[in-house]
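Close look at the chain arrangement
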Amino acid sequence: MTSDTAQTEPVAKETVYDIAYDTEELRNLITRPRVVLWDFDGPVCRLFAGYPARDVAADLVGWLAGRGLRDLLTDEERETYDPQVVLRAVDRRHPGSDLVTELEERLTRHELNAAPSAWPTAYADPLIRTWTAVGARLAVATNNSATVVRAYLEGRGLLSCFDPHLYGRTQDLHRLKPHPHCLNQALSALDTAPEDALMIGDAPSDCEAAAQARVPFLGFARNDRKAELLRRAGADTVVDSLQPLLSLVHG
């Protein structure tokens, strides 16, 4: 991992979109929770910034094809840029099988390879540290491997802000978000009522999982398309930068 300065600078230069939000609603979301649940790939970092996800998906498809299992996937699934689409498709057809176990382990290895070149989301590191400093408790609730999350956070010097509350992908793939399992794990471990928590996520599945767990949700979107997807999923407040959150937590 690289230093905060070295890694945050290129991320901060990403295109900024004018995604509108109500400042008072955002303030209420940010200042109220005792516990903040973070999705990982998106709000905390761009895991595959230097290790393209489309190449990982293609590798998983090729691995299946090499075993004569190419027809397990539809044409659309074979062309996906999202490796989790491949993994979940196989699990739907062979749930709990050794095949799924091997495929999940292969994806985890790719995620570990991607972690050193991941880009931290602009303002994420100082926001995490500041929120911790003012007394909030933090957890990660993600569809990525918790082993990968730990490796990334340790490399950024952030692990102490979360440890041991890292809840990620297990062999029970039917419990991936939008299932609320990882959120409920975090709430239980932190002995926190849903209404005293906040989930920050960048995907409709994050919003849906938060709704099922009855946890207030804040959407993070890098562009207008993702913001619209979050709003369609039910997100009332969506931001395109973590900077306003950092300002509010400082305040």
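Because the structure is a prediction, the values reported are computed rather than measured. All residue numbers here refer to positions counted from 1 along the written sequence of the relevant chain. Local features in a predicted model are, by the rule used here, given only for residues with pLDDT of at least 70; side-chain atom pairs are given and counted only at 80 or more, and totals for whole chains, interfaces and linings are based on all residues. For side-chain calculations, the full set of non-hydrogen atoms in the structure is used, while hydrogens and water are omitted.

1. Quick word on the overall build of the chain
Short version of the rule: In this text, helices come from DSSP runs of H or I with a minimum length of four residues, and strands from runs of E with a minimum of two, each type numbered from the N-terminal end. We compute the radius of gyration over the C-alpha atoms and compare it with the globule rule, which gives 2.2 Å times the number of residues raised to the power 0.38. Three labels apply to residues, based on accessible area from a 1.4 Å probe with only protein chains included: buried if under 20% of the type maximum, exposed if over 50%, partly exposed otherwise in between. Throughout, a contact is declared for two residues whenever any of their heavy atoms are within 4.5 Å. Each accessible area value is a Shrake-Rupley result obtained with a 1.4 Å probe; residue values ignore everything except the protein chains displayed when judging cover. None of His or the chain ends enter the tally, which takes Lys and Arg as positive and Asp and Glu as negative. The atom standing in for a charge is NZ when the residue is Lys, CZ when it is Arg, CG when it is Asp and CD when it is Glu.
Each helix and strand counted, the chain has 13 helices and eight strands in total. Since a compact globule built from 251 residues should have a radius of gyration of about 18 Å, the 18 Å found for the chain is in line with a globular shape. When the backbone C-alpha atoms are referred to their principal axes, the chain occupies close to 60 × 40 × 35 Å. Burial statistics for the chain: of 251 residues in total, 50% are counted as buried. Of the contacts made within the chain by residues no fewer than 6 positions apart, 72% connect residues no fewer than 24 positions apart. In the structure as shown, the chain presents an accessible area of about 11400 Å², 47% of it carried by carbon and sulfur atoms. Here the chain carries 27 positive and 37 negative side-chain charges, and the mean point of each set is 2 Å from the other.

2. Some points on the packing of helix α10 (residues 181-189) against helix α11 (residues 204-213)
The following threshold applies: Interaxial angles span 0 to 180 degrees and are taken between N-to-C directions of axes, which are lines fitted to C-alpha atoms, for helices over the stretch in contact. Angles below 35 degrees are treated as roughly parallel, those above 145 as roughly antiparallel, those between 65 and 115 as roughly perpendicular, and all remaining angles as oblique. With the far helix as reference, a near helix turned anticlockwise by less than a right angle produces a left-handed crossing, and one turned clockwise produces a right-handed crossing.
α11 packs onto α10 with a crossing angle of 50 degrees between their chain directions and a minimal axis gap of 9 Å. The orientation of α10 with respect to α11, classified from their angle, is oblique. Between α10 and α11 lies a crossing of right-handed hand. Contacts from Leu183, Asn184 and Leu187 of α10 reach α11 at Ala209, Ala210 and Ala213.

3. Description of the pairing of strand β4 (residues 137-141)
Short version of the rule: A strand pair is defined by DSSP finding two or more bridges across the two strands.
In terms of residue burial, β4 counts as a mostly covered element, since four of its five residues are buried. Pairing of strand β1 (residues 35-38) with β4 involves four bridges; the strand directions are parallel. Bridging across to β4, Leu37 finds its partner in Ala139. Relative to strand β5 (residues 166-167), β4 runs parallel, the two being bridged by two bridges. From the neighbouring strand, Ala141 faces β5, where its bridge partner is Tyr167.

4. As for the sheet that holds strand β6 (residues 197-201)
Judged by pairing direction, the sheet is parallel, and its six strands sit side by side in the order β5-β4-β1-β6-β7-β8 without closing on themselves. Of all strands in the sheet, those with a lone pairing partner are β5 and β8 (238-239), marking the two edges.

5. Quick word on the pairing of β1
Across the two faces of β1 the burial is the same, with Val35 and Leu37 and Val36 and Trp38 all buried. Sheet analysis places β1 next to β6, joined by four bridges and oriented parallel. Directly across from Val35, in β6, lies its bridge partner Ala197.

6. Structural notes on the side chain of His110
Relative to the assigned elements, His110 resides in helix α6 (residues 98-114). Discounting chain neighbours no more than four positions away, the residues touching His110 are Tyr51, Val56, Asp59 and Leu60.

7. Focus: the packing of helix α7 (residues 124-133) against helix α13 (residues 243-250)
How we decide: Note on residue categories: nonpolar means Ala, Val, Leu, Ile, Met, Phe, Trp, Tyr, Cys or Pro, charged means Asp, Glu, Lys or Arg, and polar means any other residue, Gly included.
Where α7 meets α13, the closest approach of the two axes is 10 Å, and the angle between their N-to-C directions is 25 degrees. With respect to α13, the axis of α7 lies roughly parallel. Seen along the crossing, α7 lies across α13 with a hand that is left-handed. Here Pro126, Leu127, Thr130 and Trp131 of α7 come into contact with α13, specifically with Leu245, Leu246, Val249 and His250. Residue composition of the contact of α7 with α13, by class: six nonpolar, two polar and no charged.

8. Details of unusual backbone geometry
For the bond running from Asp163 to Pro164, omega is 5 degrees, close enough to zero to count as cis. Pro178 follows Lys177 through a cis peptide bond whose omega is 25 degrees. Relative to the elements of secondary structure, Pro178 occurs in the loop between β5 and α10. Not every positive phi belongs to a glycine, and Tyr123 is a case in point at roughly 75 degrees.

Shape descriptors only; they carry no functional weight alone.
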